[in-house]
Amino acid sequence: MKKRPKILVVGSLMMNQGIETSVIPEEGQTVMGEDIKKSPGGKGANQAVQMARLGADVTLIGKIGRDRDGEELVKVCKEAGVNTEQIIYDDVLPTGSSIVLLETVPGQKVKKRSIVIPGATTQLTVDEIAYLEGEMDKYDLVVLQNAIPMEVNEAIAGYAYKHEVDVVLNPAKKLSKELMECVTYMIVNEQAAKSMTGIKIHSDWKREWTRFNLDEARVVSAVIRGRGVPTVLITLAEKGVIMNTPERFYYKKAIEDVEVVDPRAAGDAFIGAFCTRLCTDDSIGKVLTIANYTAALSIATEGAIESLPTSKQVREYMEQKRDA
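Here the structure is a predicted model, which is why all the values come from computation and not from measurement.

Colleague: Help me understand the side chain of Thr-245 in this model?
Modeller: Structurally, the position occupied by Thr-245 is in the loop between β13 (241-244) and β14 (249-252). Here Thr-245 falls in the buried class, since its relative accessible area comes to 9%. Within the local environment of Thr-245, its side chain forms a polar contact with the backbone nitrogen of Glu-247, the two atoms lying 3.0 Å apart. Here Arg-248 takes part through its backbone oxygen, which lies 2.9 Å from a polar atom of the side chain of Thr-245. Dropping the residues within four chain positions of it, Thr-245 is found in contact with Arg-225, Pro-230, Thr-231 and Tyr-250.

Following this line, the structure appears as structure tokens:
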């Protein structure tokens with residue numbers, strides 16, 4: 001990396017309760033779970049920590065309660081090298097939390113289901129972040145998600161756009177026109193892409209290279225780009241990632257032969273690596289490759305923040321895979 005990127009992340013800090021089970025209960029049914037673990041996370045915290053572990057200078061802003069969960073989240077982020085001094089505290093609501101159900105059946109893909117209790121996360125206000133308008137010039141990149149109120153995202157993206165700072169957005173629902181027009185890079189998964197466009201990208205395991213319908217992926221990304229976002233990425237889990245830019249269309253396969261232990265932070269690992277490398281002089285192909293390796297390492301490790309690798313671990317993993 002030729003320089004240390006300075007990145008602002010505004011998003012959620014959540015305490016996760018991960019429950020592992022081989023059977024998801026139906027209505028009225030009680031089943032036995034295999035394990036339960038508490039794990040710090042939240043999209044904002046996950047992405048910020050991943051960037052810091054890969055060498056970026058990261059500032060994280062979000063809202064938490066004055067409770068033990070909030071204290072633990074701040075501690076974990078600080079230990080990873082994230083600047084947490086601008087995190088805001090709510091005197092009434094608790095820190096956000098989530099229940100993550102991991103359905104683990106031997107020989108099958110691990111399936112993840114989440115229930116989020118946002119708590120203080122959604123109480124972040126425009127007034128509380130208005131000072132950022134005068135600080136945007138300090139950053140190389142601004143990273144946002146839908147976990148915070150839409151009006152806050154719109155305000156921050158507007159500040160960045162005014163100061164010609166690129167904005168990365170990781171949404172999970174439809175967005176306002178005002179926000180779309182200020183975003184430089186949008187990163188969505190298959191489910192979010194379908195929700196935004198109404199078009200499903202079908203899997204096709206007969207296609208030896210992509211394993212999905214590439215034409216549908218082109219159309220979906222083009223539809224989103226047509227709404228004002230210059231560059232769109234769609235992450236496709238074990239099938240890889242596509243990237244549609246004003247110049248060209250990219251496809252990168254996922255890393256093969258990876259044991260899926262816990263997929264909950266894979267998307268955030270990818271985004272953290274993509275954003276960090278985007279701020280360097282790397283080619284897009286290299287940026288996507290490193291992001292894929294980072295995500296692969298994450299899914300092979302339990303937990304959310306705990307699963308996010310360092311730059312040294314990513315380098316060693318890439319060498320190991322090349323030598324295999």
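Structure's up, so let's keep going.
Colleague: Help me out: how do you make sense of the sheet that holds β13 in this one?
Modeller: Sheets are built from strands that pair by backbone hydrogen bonding, the pairs being arranged parallel or antiparallel. Strand order in the open sheet made by the eight strands is β4-β1-β9-β10-β11-β12-β13-β14, with mixed pairing throughout. Both outer strands of the open sheet, β4 (57-61) and β14, are each paired with one neighbouring strand and no more. Within this sheet the neighbouring strands show an average axis-to-axis angle of 15°, counted without direction. As paired elements, β13 and β14 share four bridges and run antiparallel to each other. Within the sheet, the bridge partner assigned to Asn-244 lies in β14 and is Phe-249. Across the sheet, helix α1 (residues 43-53) is in contact with β1 (6-10), β4, β9 (141-145) and β10 (166-170); its angle to β4 comes to roughly 170°. Here helix α4 (residues 150-162) sits on the sheet and contacts β1, β9 and β10; the angle it forms with β9, its principal contact strand, is near 165°.

Rules used throughout
Residues numbered from 1 in each chain as written. Predicted model: local features only at pLDDT ≥ 70, side-chain atom pairs only at ≥ 80, totals over all residues. Heavy atoms only, no water. Helix = DSSP H or I, 4+ residues; strand = E, 2+ residues; numbered from the N terminus. Buried < 20%, exposed > 50% of the residue type's maximum accessible area, 1.4 Å probe, protein only. Polar contact = N/O pair within 3.5 Å; in protein donor to acceptor, adjacent residues only side chain to side chain. Contact = heavy atoms within 4.5 Å. Pairing = 2+ DSSP bridges. Axes fitted to C-alpha atoms, helices over the stretch in contact; angles between N-to-C directions.

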